[in-house]
Amino acid sequence: MDSIIFVKQKDIFTVREAADYLTVCPKTVYKLIRQKELDAAKFGRNYKITADSLSRYISKNMVG
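On a predicted model such as this, the values are computed, not experimentally measured, just so you know. Note on numbering: residues in each chain are counted from 1, in written sequence order. Reporting of local features is limited, given that this is a predicted model, to residues whose pLDDT is at least 70; pairs of side-chain atoms are given and counted only at 80 or more, and all residues count toward the totals for whole chains, interfaces and linings. The basis for every side-chain value is the complete set of non-hydrogen atoms in the structure, without hydrogens or water.

Novice: Looking at this structure, how should I read the overall build of the chain?
Specialist: By definition, any uninterrupted DSSP run of H or I lasting at least four residues is a helix, any uninterrupted run of E lasting at least two residues is a strand, and each is numbered from the N terminus. When you go through the chain residue by residue, the secondary structure sums to three helices and three strands. Secondary structure of the chain in N-to-C order comes out as β-α-α-β-β-α. Taken across its 64 residues, the chain has 28% of its residues classed as buried. In the chain, 49% of the contacts between residues at least 6 apart in sequence involve partners at least 24 apart. Accessible surface, the chain as shown: approximately 5,100 Å² in total, 52% of it carbon and sulfur. Burial status follows relative accessibility: with a 1.4 Å probe on protein chains alone, a residue under 20% of its type maximum counts as buried, one over 50% as exposed, and anything between as partly exposed. In this analysis, two residues are considered to be in contact whenever any of their non-hydrogen atoms come within 4.5 Å of each other. Each accessible area value is a Shrake-Rupley result obtained with a 1.4 Å probe; residue values ignore everything except the protein chains displayed when judging cover.

Have a look at this one:
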């Protein structure tokens with residue numbers, strides 16, 4: 001059975017917001033996007049990350 005990870009009541013996050021949520025620095029979020037570990041959409045020069053993408057990343061990296 002898949003566990004469900006609940007992300008804040010927000011649909012779309014900026015890189016900084018995603019970094020704050022994951023308690024990492026924005027550079028780490030950019031690295032995860034580049035390595036295709038975290039799905040993101042690019043609008044102009046800015047990335048947007050969906051709550052679903054964050055939930056999948058967290059689920060995939062759960063320990064235990």
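Novice: Help me out: how do you make sense of the packing of helix 1 (residues 15-22) against helix 2 (residues 26-34) in this one?
Specialist: Packed helices, taken two at a time, are described by the angle their axes make and the gap between the axes. The geometry of helix 1 relative to helix 2 is characterised by a closest axis approach of 8 Å and an angle of 105° between their N-to-C directions. Of the possible angle classes, the one that applies to helix 1 and helix 2 is roughly perpendicular. Every residue of helix 2 that contacts helix 1 at Val15, Arg16, Ala18 and Ala19 is listed here: Pro26, Val29, Tyr30 and Ile33. Of the residues contributing to the contact of helix 1 with helix 2, the split by class is seven nonpolar, no polar and one charged. Fitted lines through C-alpha atoms give the axes, limited to the stretch in contact for helices. The angle between two N-to-C directions lies from 0 to 180 degrees. Should an angle lie under 35 degrees it is considered roughly parallel, over 145 roughly antiparallel, and from 65 to 115 roughly perpendicular; all remaining angles are considered oblique. Asp, Glu, Lys and Arg are counted as charged, while Ala, Val, Leu, Ile, Met, Phe, Trp, Tyr, Cys and Pro are counted as nonpolar; the rest, among them Gly, fall into the polar class.

Novice: Honestly, the pattern of salt bridges in this entry has me stumped. Any pointers?
Specialist: Two side chains of opposite charge can pair, provided their charged atoms sit close to one another. The rule for a salt bridge is simple: a side-chain nitrogen of Lys or Arg has to be within 4 Å of a carboxyl oxygen of Asp or Glu. Taken as a whole and assessed by the stated rule, the structure comprises two salt bridges. Salt-bridge contacts for Glu17 lead to Lys10; the nearest nitrogen and oxygen are separated by 2.9 Å. Take Lys10: its relative accessible area is 32%, and that puts it in the partly exposed class. Measuring nitrogen to oxygen at the nearest pair gives 3.2 Å for the salt bridge that ties Arg56 to Asp39. With Arg56 in helix 3 (residues 51-60) and Asp39 in the loop between helix 2 and strand 2 (41-43), the pair connects residues that are 17 residues apart, well separated along the chain. Taking relative accessible area as the criterion, Asp39 reaches 44% and is therefore assigned partly exposed.

It is worth stressing that arrangement in space is one thing and function is another; only the former is reported here.
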